[in-house]
Amino acid sequence: MKKPSRKAFITRRLTFSAAHRLHSAKLSPEENRRVFGKCNLPNGHGHNYTLEVTVAGPIDATTGMVFNLTDLKDVMTDVIEHDIDHKNLNMDVPAFKTLNPTAENIAAVLWDLLEKRLKPGLLNEVKLIETENNFVSYRG
Ligand SMILES: [Zn+2]
């Protein structure tokens, strides 16, 4: 009987910087300040984000790899440099014209951008670290 292939998860990390303002039109100015704190400052503010992208799949018998990390790095760099890095998310990124750029929503948008560029079913998790103590995991 053939041994089932082993599945592994591999992760690549990338850092970037972006500005945002968190604000909901459904909340009053006071509620916005209370819910979003500093992230509701009228002119926005910046974060140094860390993005961790995990892909998962069987370990290839020939290469011993799930996916080439250099290819993953290239896809991530392309998406981040082109669409996100050093941008004002609210003003410069079409996805956030109507979507509040919370860590949750940024992770979901990055998932969509990355998934389009990868083999179907390969992307496993997008983890976005917004501050030293706060991060979000999104799995599609
Ligand atoms: Zn913020």
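Here, every reference points to the structure presented above.
Residues numbered from 1 in each chain as written. Predicted model: local features only at pLDDT ≥ 70, side-chain atom pairs only at ≥ 80, totals over all residues. Heavy atoms only, no water.

Chemist: Before we go on, may I ask you to explain the packing of helix α2 (residues 69-83) against helix α4 (residues 103-115) in this structure?
Modeler: Helix-helix packing is described using two parameters, namely the angle between the two axes and the distance between the axes. Where α2 contacts α4, the two axes come as close as 10 Å, and the packing angle between them is 125 degrees. Classified by the angle their axes make, α2 and α4 are oblique. The way α2 lies across α4 gives a crossing that is right-handed. Of α4, the residues touching α2 (which contributes V75, M76, V79, I80 and D83) are L110, L113 and L114. The residue makeup of the contact of α2 with α4, split by class, is seven nonpolar, no polar and one charged. (Axes fitted to C-alpha atoms, helices over the stretch in contact; angles between N-to-C directions. Helix = DSSP H or I, 4+ residues; strand = E, 2+ residues; numbered from the N terminus. Parallel < 35°, antiparallel > 145°, perpendicular 65-115°, else oblique. Left-handed = near helix turned anticlockwise from the far one by under 90°. Contact = heavy atoms within 4.5 Å. Nonpolar A, V, L, I, M, F, W, Y, C, P; charged D, E, K, R; others polar.)

Chemist: Sorry if this is basic, but what is going on with the pairing of strand β1 (residues 7-20) here?
Modeler: Moving residue by residue along a regular strand, the side chains alternate between the two faces of the sheet. Alignment of β1 against strand β2 (residues 45-58), held across 14 bridges, turns out to be antiparallel. Across the sheet, the residue bridging to S17 is N48, located in β2. Taken together, the two bridges between β1 and strand β3 (residues 87-88) define a ladder with parallel strand orientation. Pairing of A18 across the sheet is with K87, part of β3. (Pairing = 2+ DSSP bridges.)

Chemist: I keep staring at the coordination of the zinc ion and nothing clicks. Help me out?
Modeler: Think of it this way: four donors in a tetrahedron around the metal ideally sit 109.5 degrees apart, and six in an octahedron ideally sit 90 or 180 degrees apart. With distances of 2.0 to 2.2 Å, the protein atoms coordinating the zinc ion are H20 (NE2), C39 (SG), H45 (NE2) and H47 (NE2). In this structure, the zinc ion is coordinated by four donor atoms arranged in tetrahedral fashion, with angles at the metal of 98 to 125 degrees. Spacing between the donor residues of the zinc ion along the chain follows H-x18-C-x5-H-x1-H. Of this pair, H20 sits in strand β1 while H45 sits in strand β2, and the two are 25 residues apart along the sequence. (Donors = N, O, S within 2.8 Å, 3.2 Å for Na, K, Ca; no water. Tetrahedral: all angles 85-135°; square planar, octahedral: opposite > 155°, others 65-115°.)

Chemist: Could you clarify how one ought to interpret the environment of T70 in this entry?
Modeler: Turning to its location among the elements, T70 is positioned in helix α2. With relative accessibility at 47%, the residue T70 sits in the partly exposed group. As a C-alpha pair, T70 and R12 span 58 residues in sequence and 9.2 Å in three-dimensional space. (Buried < 20%, exposed > 50% of the residue type's maximum accessible area, 1.4 Å probe, protein only.)

Chemist: Is there a simple way to think about the packing of aromatic side chains in this case?
Modeler: Given two aromatic rings, one states the distance between the centres and the angle between the planes to describe the pair. Per the counting criterion, the structure on display carries two aromatic pairs. Centre to centre, the rings of F16 and Y49 are 5.1 Å apart; their planes meet at 20 degrees, and the pair counts as stacked. Taken as a pair, F16 in strand β1 and Y49 in strand β2 lie far apart in primary sequence, 33 residues in all. Residue F16 shares its accessibility class with Y49, and that shared class is buried. On the numbers, 5.8 Å between centres and 75 degrees between planes, the contact of W111 with Y138 is edge-to-face. Of the two residues, W111 is situated in helix α4 and Y138 in strand β5 (residues 135-138); the sequence distance between them amounts to 27 residues. W111 gets classed as buried once you look at its relative accessible area, which sits at 7%. (Phe/Tyr/Trp six-rings, centres within 6.5 Å; stacked < 30°, edge-to-face > 60°.)

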